[in-house]
Amino acid sequence: MTDLKNLSEVELDILKELGNIGTGHAATALSKLLNKDVYFSVPEVKIGEIKNLSSEFINDVVAGVVIALQDLEEHRSGYLYIMFPEKSARKIAGDLFGMEELDEEMYASTIMEVGNILSSSFCDASADFMDIILLPSPPNFAVDVPTAVIDSVVSQMAEKNDHIILFETSLSSDPDVEIYLALLPEPSVLDDMMKILEQL
């Protein structure tokens, strides 16, 4: 199993490139959806202890979409968490419908669909890069602080490993739209990921 505590600079650079490709495709999808330019930050790859994961996330309430990732054999591959700060979420939903106010059901449905589009783009690009199949589950929507939303996810992952690898990046267009993406791969998937990427 890949030792998360002792990844080399080369391995970290490979993982950053993977995150860069996935995020780039997600940004393109969002740009087409909003019909405006979308920029993304260079992904950060962080290794940390699961018990300290809460310090890695913003503490504000966000509209969050959590997507479970799996392979063709339905083995759990990890999670992708897409966070929309409240102001950004309302702006995106309003722009898509040309309305300043949406009812809560329409608002939630819209953000889930945007999250679904972003996750599919991220997964498709990452899977193509590694020549594997990676399937996103239907998105789960929640409005809360990020640590509360992913608490059950982190608890499951803590049963297999004390450490976790976290990809973090952000998408933005105008000042009112900002989205954060965090990828939490399962340790077994990280092993496969490293083997495949080292051959590229």
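Refer to the structure above for everything that follows.
Colleague: Can you walk me through the pattern of salt bridges in this structure?
Modeller: Side-chain pairing between opposite charges can occur once the charged atoms of the two side chains come close. Under the counting rule described, the total for this entry stands at four salt bridges. Residues Asp-95 and Lys-36 are paired through a salt bridge, measuring 3.5 Å at the closest nitrogen-oxygen approach. One end of the pair, Asp-95, is in helix 2 (residues 86-97); the other, Lys-36, is in the loop between helix 1 (9-34) and strand 1 (39-40), and 59 residues separate them in sequence. Judged by its relative accessible area of 35%, Asp-95 falls in the partly exposed class. Judged by its relative accessible area of 23%, Lys-36 is partly exposed. Glu-86 is the salt-bridge partner of Arg-90, the closest N and O atoms lying 3.0 Å from each other. Of this pair, Arg-90 and Glu-86 are both found in helix 2, four residues apart, which corresponds to roughly one turn of the helix. By relative accessible area, which is 31% here, Arg-90 ends up partly exposed.

Colleague: Just checking my understanding: could you explain the packing of helix 2 against helix 3 (residues 104-130) for this structure?
Modeller: Any two packed helices are characterised by the angle at which their axes cross and by the distance between the axes. Between helix 2 and helix 3, whose axes approach to 10 Å, the crossing angle comes to 95°. Considering the angle they form, helix 2 stands roughly perpendicular to helix 3. Along its contact with helix 2, which presents Glu-86, Ala-89, Arg-90, Ile-92, Ala-93, Leu-96 and Phe-97, the element helix 3 presents Glu-104, Met-106, Tyr-107, Thr-110, Ile-111 and Val-114.

Colleague: Would you take a moment to explain the pairing of strand 3 (residues 62-70) for this structure?
Modeller: On any regular strand, side chains alternate: one points to one face of the sheet, the next to the other face. In terms of burial, strand 3 is largely enclosed, as eight of its nine residues are buried. Here strand 3 pairs with strand 6 (residues 140-144) via five bridges, running antiparallel. Paired with Val-62 across the bridge in strand 6 is Asp-144.

Colleague: Can you walk me through helix 2 in this structure?
Modeller: In an α-helix, one turn spans 3.6 residues, which is why side chains three or four residues apart end up on the same side. Here helix 2 is twelve residues long and its end C-alpha atoms lie 17 Å apart, about the 16 Å a rise of 1.5 Å per residue gives. Phi for Gly-98, located one or two positions after helix 2, is positive at around 65°.

Colleague: I tried to follow the side chain of Thr-169 on my own but got confused; where do I start?
Modeller: Here Thr-169 shows up in strand 7 (residues 163-172). Polar side-chain contacts of Thr-169 include one of 2.8 Å to the backbone oxygen of Ser-41. With residues up to four places along the chain from it excluded, the contact list for Thr-169 reads Thr-23, Ser-41, Val-42, Pro-43, Ile-179, Tyr-180 and Leu-181.

Colleague: Just to check I follow, could you spell out helix 3 for this structure?
Modeller: If you check helix 3, its first and last C-alpha atoms are 39 Å apart, about what 27 residues at 1.5 Å a residue would give, namely 39 Å. At the N-terminal end of helix 3, a side-chain oxygen is found 3.2 Å from the backbone nitrogen of Glu-105, two or three residues along, and the residue is Asp-103. Asp-131 lies just past helix 3 and shows a positive phi near 60°.

Colleague: Explain unusual backbone geometry to me, please; I cannot follow it from the model alone.
Modeller: The phi angle of most residues is negative, glycine excepted, and most peptide bonds adopt the trans form. Its identity as a non-glycine residue notwithstanding, Asn-35 has a phi of 60°, on the positive side. Examined against the element boundaries, Asn-35 turns out to sit in the loop between helix 1 and strand 1.

Colleague: I'm lost on the packing of aromatic side chains in this one. Help?
Modeller: The relation between two aromatic rings is expressed through the spacing of the ring centres and the mutual angle of the planes. Per the stated rule, a full pass over the model turns up one aromatic pair. The ring centre of Tyr-107 lies 3.7 Å from the NZ or CZ of Arg-90, which sits over that ring.

Colleague: Even after reading the chapter, I still don't get the packing of helix 1 against helix 3, so can you show me in this structure?
Modeller: Helix 3 packs onto helix 1 with a crossing angle of 140° between their chain directions and a minimal axis gap of 8 Å. On the basis of their axis angle, the class for helix 1 and helix 3 is oblique. At the point where helix 1 passes helix 3, the crossing takes the right-handed sense. Together, Glu-17, Leu-18, Gly-19, Ile-21, Gly-22, Thr-23, His-25, Ala-26, Ala-29, Leu-30 and Leu-33 of helix 1 and Val-114, Ile-117, Leu-118, Ser-121, Phe-122, Ala-125, Ser-126, Phe-129 and Met-130 of helix 3 make up the contact between the two elements. Partitioned by chemical class, the residues of the contact of helix 1 with helix 3 number 13 nonpolar, six polar and one charged.

Colleague: Sorry, what's going on with the nonpolar core here?
Modeller: Soluble globular proteins: nonpolar side chains tend toward being buried together. Ranked by internal contacts, the top residues of the largest apolar core, which has 35 residues, are Leu-30, Ile-82, Phe-84, Leu-118, Leu-171 and Ile-179. Mapped by element, the contributors of at least two residues to this core are helix 1, strand 3, strand 4 (76-85), helix 2, helix 3, strand 7 and strand 8 (178-185). Sort the elements by how many residues they give to this core and helix 3 lands first, with seven residues. In this structure Leu-30 touches Val-38, Val-114, Leu-118, Leu-171 and Ile-179, once residues within four positions along its chain are discounted. Judged by nonpolar contacts, the second largest core, of 18 residues, contains Val-62, Met-83, Val-149 and Leu-184.

Conventions and cut-offs
- Once a new chain begins, its residue numbering starts again from 1 and follows that chain's sequence as written.
- Totals for whole chains, interfaces and linings use all residues, but because this is a predicted model, local features are given only for residues with pLDDT of at least 70 and pairs of side-chain atoms are given and counted only at 80 or more.
- The basis for every side-chain value is the complete set of heavy atoms in the structure, and neither hydrogens nor water enter the calculation.
- Whenever a carboxyl oxygen of Asp or Glu lies within 4 Å of a side-chain nitrogen of Lys or Arg, that contact is scored as a salt bridge.
- Numbered from the N terminus, helices here are DSSP runs of H or I no shorter than four residues, and strands are runs of E no shorter than two.
- Each residue is placed in one exposure class: buried if its accessible area under a 1.4 Å probe, protein chains only, is under 20% of its type's maximum, exposed if it is over 50%, and partly exposed if it falls in between.
- Note on geometry: axes are lines fitted to C-alpha atoms, helical ones only across the stretch in contact, with angles between N-to-C directions running from 0 to 180 degrees.
- When an angle is under 35 degrees it counts as roughly parallel; over 145 it counts as roughly antiparallel; between 65 and 115 it counts as roughly perpendicular; any other value is oblique.
- A contact between two residues is defined here by any heavy atoms of the two lying within 4.5 Å.
- Here, a strand pair is defined by DSSP locating no fewer than two bridges between the strands.
- One less than the residue count of a helix, multiplied by 1.5 Å, gives the span that helix is expected to have.
- The definition of a polar contact used here is a pair of N or O atoms within 3.5 Å, where within protein one atom must be able to donate a hydrogen and the other to accept one, and adjacent residues in sequence count solely through side-chain atom pairs.
- Here is the rule: rings of Phe, Tyr and Trp (six-membered ring for Trp) pair when centre to centre is within 6.5 Å. Planes less than 30 degrees apart are stacked, more than 60 are edge-to-face, and the remainder are tilted.
- Geometrically, a charge over a ring is one whose NZ (Lys) or CZ (Arg) sits within 6 Å of the ring centre while staying within 35 degrees of the ring normal.
- By definition, any crossing whose near helix is turned counterclockwise from its far helix by less than a right angle is left-handed, and any crossing with a clockwise turn is right-handed.
- When residue character is reported, Ala, Val, Leu, Ile, Met, Phe, Trp, Tyr, Cys and Pro are called nonpolar, Asp, Glu, Lys and Arg charged, and the others, Gly included, polar.
- Only buried residues count toward a nonpolar core. Its members are Ala, Val, Leu, Ile, Met, Phe, Trp, Tyr and Cys residues joined through side-chain atoms within 4.5 Å.

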